[in-house]
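# Structure assessment
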Amino acid sequence: VPGGIRPAIPTAILAVFASLLSGEAGLRADPLEVPREEFRSRRIALVSSLRADLPEGGTGVAIFRSAPAAPFATFRQDSDLYYLTGTEIPGSTLVLLFDRPAGAKGRKPAGKASGGRFAEFFYLPERDYREERWTGPRPGAGGLRPETLEPDEERNKAMQVTGFDRPPDPDYPPRNYPKGPVERASDLSAHLRIFLRGADVLFFAADPGSPGEALSPALAYLRDLRDRFPTIRVADPSGALARLRMIKSPAEIALLRKAIAITCEAHRDAWSRIRSGMTEYQIQAVIEHRFLHEGARRPGFPSIVGSGPNSCVLHYDASARTVETGDLVVIDVGAEFRRYSADVTRTVPVGGRFTEEQLKIYRIVLEAQRRAIAAIRPGVPFTEIHKVARKAIEEAGYLAYFLHGTSHFLGLDVHDAGDTGAELRAGMVLTVEPGIYLAEKSIGVRIEDDVLVTERGAEILSDCLPRDPAAVEMQMAGGLGAGGR
Ligand SMILES: [Mn+2]
C-alpha cells in the first residue's frame, strides 16, 4: 500500500464511528445520494439558460407540474420535475421567477445571460391524514406562524426534506409577491395571477399531441392559463432542460453505473438458467428478481425477452413463448435504480451454442457496434454513430434488416431527454444498439451497450457483460464467474 494512503484509513474509520454515534449513519455516507445542493444548481443553470429568451429588463415565470397521481400504480414523478427537485411528491408544482437586467447584454460574460434575479417556489399539497393512512406520510406545505410570519413546524420540515430551505431574499421578489420557498398548492392559482401579471414570458412545456387526440392535462392547463393571461408570450423550456439533462453529473453517472451493474448481474443470472422448455416469462422473472433483490425499484421499461420468431419483434414484451434449443433469445432489459435506467441487450442461444448462420449475423452486428463505439468522442455529431453502424451493416449486405436507430440518450428516462442534433460531449451517456432481424429465419440479433462519452473517447459502462460470442457461450456454460468477460 503506498504510504500516502495509510493515514487516511484511520480517519475514515473514525468518521464512520462518529456518524454512527450521532445517529446519522448512512445519511451522508451514501455515495449514491445526489447532493441536495446539486438540484438547486440545476434550477439556477436552467434559469441562466431561459433568461436568454427574455427581453432586456423582462421577467420570466417557469412552471413545472407533477405527474398525475396514479391510483393502483407506483407513483413516478415527471422526469423534468424530478431532475429539478429530486422529489417524488404527487400534486407538487415548481415555479421559478426570474428577470433579465436591462442593458445586461454588454456586461454578460461569454454569452451567458447571467446576473439577473431569481426566486423559487415549491408548491406542496396540504397533508391529508386520512389519505396518509393508506399511502404513508408526506411532507406538507404547512403555513406561517400568525404572530411572527415565520414558517411553522410543518413548513420548516418540508423545507428541510425538499431542499427548498433558503429563507426568501428580502429584495426579490418584489413586495406583495409570495415569498416562498415552500408554498401551499391551494394558493398556486391566486399566486399565478401575481406572477403572470408582471411577467413577459411564461415557460411551460406541453406536448401539442396529434390532431383529434384528447387534450392532455398539460395542454388543458396551458389553455386555461392563456385564457386568464391572454397577452403573455408562452415559450417551451423543454429544449433548454434537455440540453442540461443530456450532460450527466458525477452523481448521475454513479447512479447509472449502479443500474447497469444490476442489469449485468440479471443478464448473467438469466443466461445460466436458460434451458429448452423454459418460458420467456420465467426468464423475465429471473431477471426482474435480481433487479428487486439489488434495490432497483422497477424495470426502466417493459422487459423484452424475445425468443425464436419473437427475437425479430423489436418491442416484444408479451413473454409468452416456450423457448427451444436452437432459438436465439433477445434479452433487452434495464434496471431502474433511484430513477436512473440501464438499457442493455444481449442475444443468446438456447442450448448454449450459436449455429453457424446465427454466428454470421451476430458477428456483423458486433462489428457494427464495435465501429460505432470506436467513433464516439467529443466533437463528433450524435448522428454520426448511427451512420457508422449503418455503413458496417450495409457493407455486409443487411441494411434492409436494420430497422431502428443506433443510439438514444440514457438517464432518468430510458429514452432520455437530449439534443440528438448536437455534437457529443463528455458526460453524455447513450446506448449503442445495432441489430439485424431476419424474420423469415427467426434470427433476430441486437447487441446494446451503455456508453459514457469521456474527454478522450468512450467508456463502455456495461462492459461487465460479455458480448464476444465465444465469451457469451462460455458464460452460459458457467465457465465465467461473476464479472467475467
Ligand atoms: Mn435501448
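Values in this document were obtained by computation on a predicted structure and should not be read as measured data.

The next thing to look at is the sheet that holds strand β12 (residues 344-349). Spatially, 3 strands are ordered β8-β9-β12 in an open sheet, and the strand pairing comes out antiparallel. In this open sheet, the two strands that pair with only one neighbour each are β8 (304-307) and β12. Neighbour-to-neighbour, the strand axes of this sheet turn through a mean angle of 10°, independent of strand direction. For strand β9 (residues 328-333) and β12, the ladder comprises 6 bridges, and the chain directions are antiparallel. Its bridge partner being in β12, Val330 is matched across the sheet by Thr347. This element, helix α10 (residues 280-293), spans β8 and β9 of the sheet and lies at about 150° to β8.

A word on the packing of helix α9 (residues 250-273) against α10. Here α9 crosses α10 at 145°, and the two axes come no closer than 8 Å. By crossing handedness, the relation of α9 to α10 is classed as right-handed. On α10, the residues touching Ile262, Thr263, Glu265, Ala266, Asp269, Ala270 and Arg273 of α9 are Ile283, Val286, Ile287, Arg290 and Phe291. Among the residues making up the contact of α9 with α10, the classes are represented as 7 nonpolar, 1 polar and 4 charged.

Moving on, we get to helix α5 (residues 153-162). Regarding α5, the residues found buried are Arg155, Ala158, Met159 and Thr162. Along the long axis of α5, the arc covered by the buried residues comes to 100°, so they all point the same way. Counted as exposed and oriented over 90 degrees from the buried face of α5: Glu153 and Gln160. Packed against the buried residues of α5 are α2 (36-50), α3 (79-85), β3 (118-124) and β4 (182-184). Measuring from the side-chain oxygen of the N-cap residue of α5 to the backbone nitrogen of Glu154 gives 3.3 Å; that N-cap residue is Asp152. Positive phi shows up at Gly163, right after α5, with a value of about 85°.

As a further point, take unusual backbone geometry. Look at the link from Tyr172 to Pro173: it is a cis peptide, with omega at 5°. As for its position among the elements, Pro173 is in the loop between α5 and β4. Positive phi, close to 65°, is recorded for Phe72, a residue that is not glycine. Structurally, the position occupied by Phe72 is in the loop between β1 (59-65) and α3. The phi angle at Arg338 is positive, at roughly 45°, despite the residue not being glycine. In this structure, Arg338 sits in the loop between β10 (335-337) and β11 (340-341). Classification of Arg338 as partly exposed rests on a relative accessible area of 39%.

Quick notes on the rules
Residues numbered from 1 in each chain as written. Predicted model: local features only at pLDDT ≥ 70, side-chain atom pairs only at ≥ 80, totals over all residues. Heavy atoms only, no water. Pairing = 2+ DSSP bridges. Helix = DSSP H or I, 4+ residues; strand = E, 2+ residues; numbered from the N terminus. Axes fitted to C-alpha atoms, helices over the stretch in contact; angles between N-to-C directions. Contact = heavy atoms within 4.5 Å. Left-handed = near helix turned anticlockwise from the far one by under 90°. Nonpolar A, V, L, I, M, F, W, Y, C, P; charged D, E, K, R; others polar. Buried < 20%, exposed > 50% of the residue type's maximum accessible area, 1.4 Å probe, protein only. Arc of directions from axis to C-beta. Polar contact = N/O pair within 3.5 Å; in protein donor to acceptor, adjacent residues only side chain to side chain.

Keep in mind these values describe shape, not function.
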